[in-house]
Amino acid sequence: MEETTIAALATAPAPAGVAVVRVSGPRARLALRAIFNGKRDPTRHPRTLVYGEILDFKTSAPIDKGLAVFMPAPWSFTGEDVVEFQFHGSPVLVQRVLRSLYAYGVVPAAAGDFTKRAFLNGKMDLAQAEAIADVVSAKSEEELRFAGEQLKGRLSQAIVAVGEPLRDALAELEASIDFPEEDIRPDALHDIGARVSVARAKIEQLLSTYAFGSLVREGVRVLLCGRPNSGKSSLLNLLLGKRKAIVSDISGTTRDLIEDEASLAGHKFVFCDSAGLRETDDEIERIGVELAKERIPWADLVLFLVDATDSAGEWKDAMRLLAESKKRVWMVVNKIDRNPNALSQIYCDSSQCQQNFFISAKTGDGIGALIEALVEDVAKRIPERGEAGEIVTNERHRECLERAAGALARSLDGFQSGGVPIAIIATDIKDALSALDEIVGKTYTEDILGRIFSKFCIGK
């Protein structure tokens, strides 16, 4: 059965200077000739932009003037014949061009269809395909950096390097199973066990990077909490660089969780403002306080705001709640413009807070130092650039590595006990290899592909 030919808008679905419609499949060449009238035939001049008119297939009437390029298989992104049309970026024109293609017999592409075909046609492995979605959705320099390294195949190379010695070991074990009259030598068995142990250690090392990798991918989660009217919403707006939360002198303005992302010096942060921590008879505010308490476990870091004019020390009760959570806490004393003496009056010792900051959200004093500390806190955990390709950021990869590590642990137990049949040990190694192969897509199911590519945008 012939593969369908697909088409979709490859640029953002919004008015723009230029729109790009991509077509891929066995009929892409014919579709190009059917709806494009250029000064020359793009199929005779591959990879060269040709100027001409894009036509309505049913009426042959011009839709727009633009450019077309033909990229023949297998030297294209998908490995199939690919055509791209460039024309004025009107959403109405985009729909007319797509309808013309559909009238010819091309079908709409689903999310991730182009990248899925690139994978199925051997243009990239599955980990690299997933990296494309990460590159497109990257919201920070670090996120883009790690996605770029994975797209280059660095993680895939690490997975292959772990798997090759295991394949050799499995071949030796299976040979001894196929020829039982030739018992495997004890020294050879010991050597195989050593190789399995090295492979497991490498997998554990990869797994250990996931904590940081997920931080890069999901962002550092920072919760702003404290008593009402301590300046949490003002600080949130300053950190985000925009007005996200309502700022008012009225106590208890924030009733719900307010969350948004920001990139600071190339690092992704997710900041969350919360209701002020206090006892209240207001039912709505009380719910907000409970939400704030429930949000504490979510945070990688808590910025605990204190009003510099709080001479009664009412902030201490709320601080005790955070101490019980065992979260990393930085105290941020705000409104020092109203009480400069707070620098010597309010302080949190190292048993409760890692750092103390003194700021004025109104004047901006101290904000730079706080942001610098946030950036430094992330930067000190970043591996060297040469190691960036071996950082696990994907939950699917982590789960596969966990399965591989567990299977190898069982096989090592078999080696050490001495009483486990070789066939059982071989099965465990085979299970580990299967899990590793799943990462790069040497083995896969339609369900796995469906779950991965459904997260892509249309046109990619």
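As a reminder, the structure under discussion sits directly above these lines.
Since this is a predicted model, take the numbers as computed values, not measurements.

Calculation criteria
Residues numbered from 1 in each chain as written. Predicted model: local features only at pLDDT ≥ 70, side-chain atom pairs only at ≥ 80, totals over all residues. Heavy atoms only, no water. Helix = DSSP H or I, 4+ residues; strand = E, 2+ residues; numbered from the N terminus. Contact = heavy atoms within 4.5 Å. Buried < 20%, exposed > 50% of the residue type's maximum accessible area, 1.4 Å probe, protein only. Axes fitted to C-alpha atoms, helices over the stretch in contact; angles between N-to-C directions. Parallel < 35°, antiparallel > 145°, perpendicular 65-115°, else oblique. Nonpolar A, V, L, I, M, F, W, Y, C, P; charged D, E, K, R; others polar. Pairing = 2+ DSSP bridges.

**What to know about the environment of Leu32**
Next, step 1: On the secondary structure map, Leu32 appears in helix H1 (residues 28–35).
Next, step 2: Sequence separation of Leu32 and Val82 is 50 residues, and the distance between their C-alpha atoms is 9.6 Å.
Next, step 3: What Leu32 contacts, discounting residues up to four positions off in sequence, is Pro42, Thr43, Ala68, Phe70, Val83 and Phe85.

**A short note on helix H3 (residues 113–120)**
Next, step 1: Counting buried positions along H3 yields six of eight residues, so the element is predominantly enclosed.
Next, step 2: Restricting attention to buried positions, one finds in H3 the residues Asp113, Phe114, Thr115, Arg117, Ala118 and Phe119.
Next, step 3: Where H3 is buried, its residues touch strand S1 (6–9), strand S2 (16–24), helix H4 (126–137), helix H15 (422–440) and helix H16 (446–453).

**Focus on the packing of H4 against H16**
Next, step 1: Interaxial distance between H4 and H16 falls to 10 Å at its minimum, and their mutual angle equals 20 degrees. Regarding the angle of H4 to H16, the classification is roughly parallel. Contacts from Leu126, Ala129 and Glu130 in H4 reach Ile448, Leu449, Ile452 and Phe453 in H16.
Next, step 2: A class-by-class count of the residues in the contact of H4 with H16 yields six nonpolar, no polar and one charged.

**With respect to the sheet that holds strand S3 (residues 36–38)**
In a beta sheet, neighbouring strands are held together by backbone hydrogen bonds and run either parallel or antiparallel to one another.
Next, step 1: Spatial strand order, S3-S4-S5-S6-S2-S1-S7: seven strands in an open sheet with mixed pairing. The open sheet has two edge strands, S3 and strand S7 (107–108), and neither has a second partner.
Next, step 2: Taken together, the five bridges between strand S5 (residues 62–71) and strand S6 (residues 82–89) define a ladder with antiparallel strand orientation. Bridge pairing in S6 places Ala68 opposite Phe85.
Next, step 3: On the sheet, H3 packs against S1 and S2 and is oriented at approximately 135 degrees with respect to S1.

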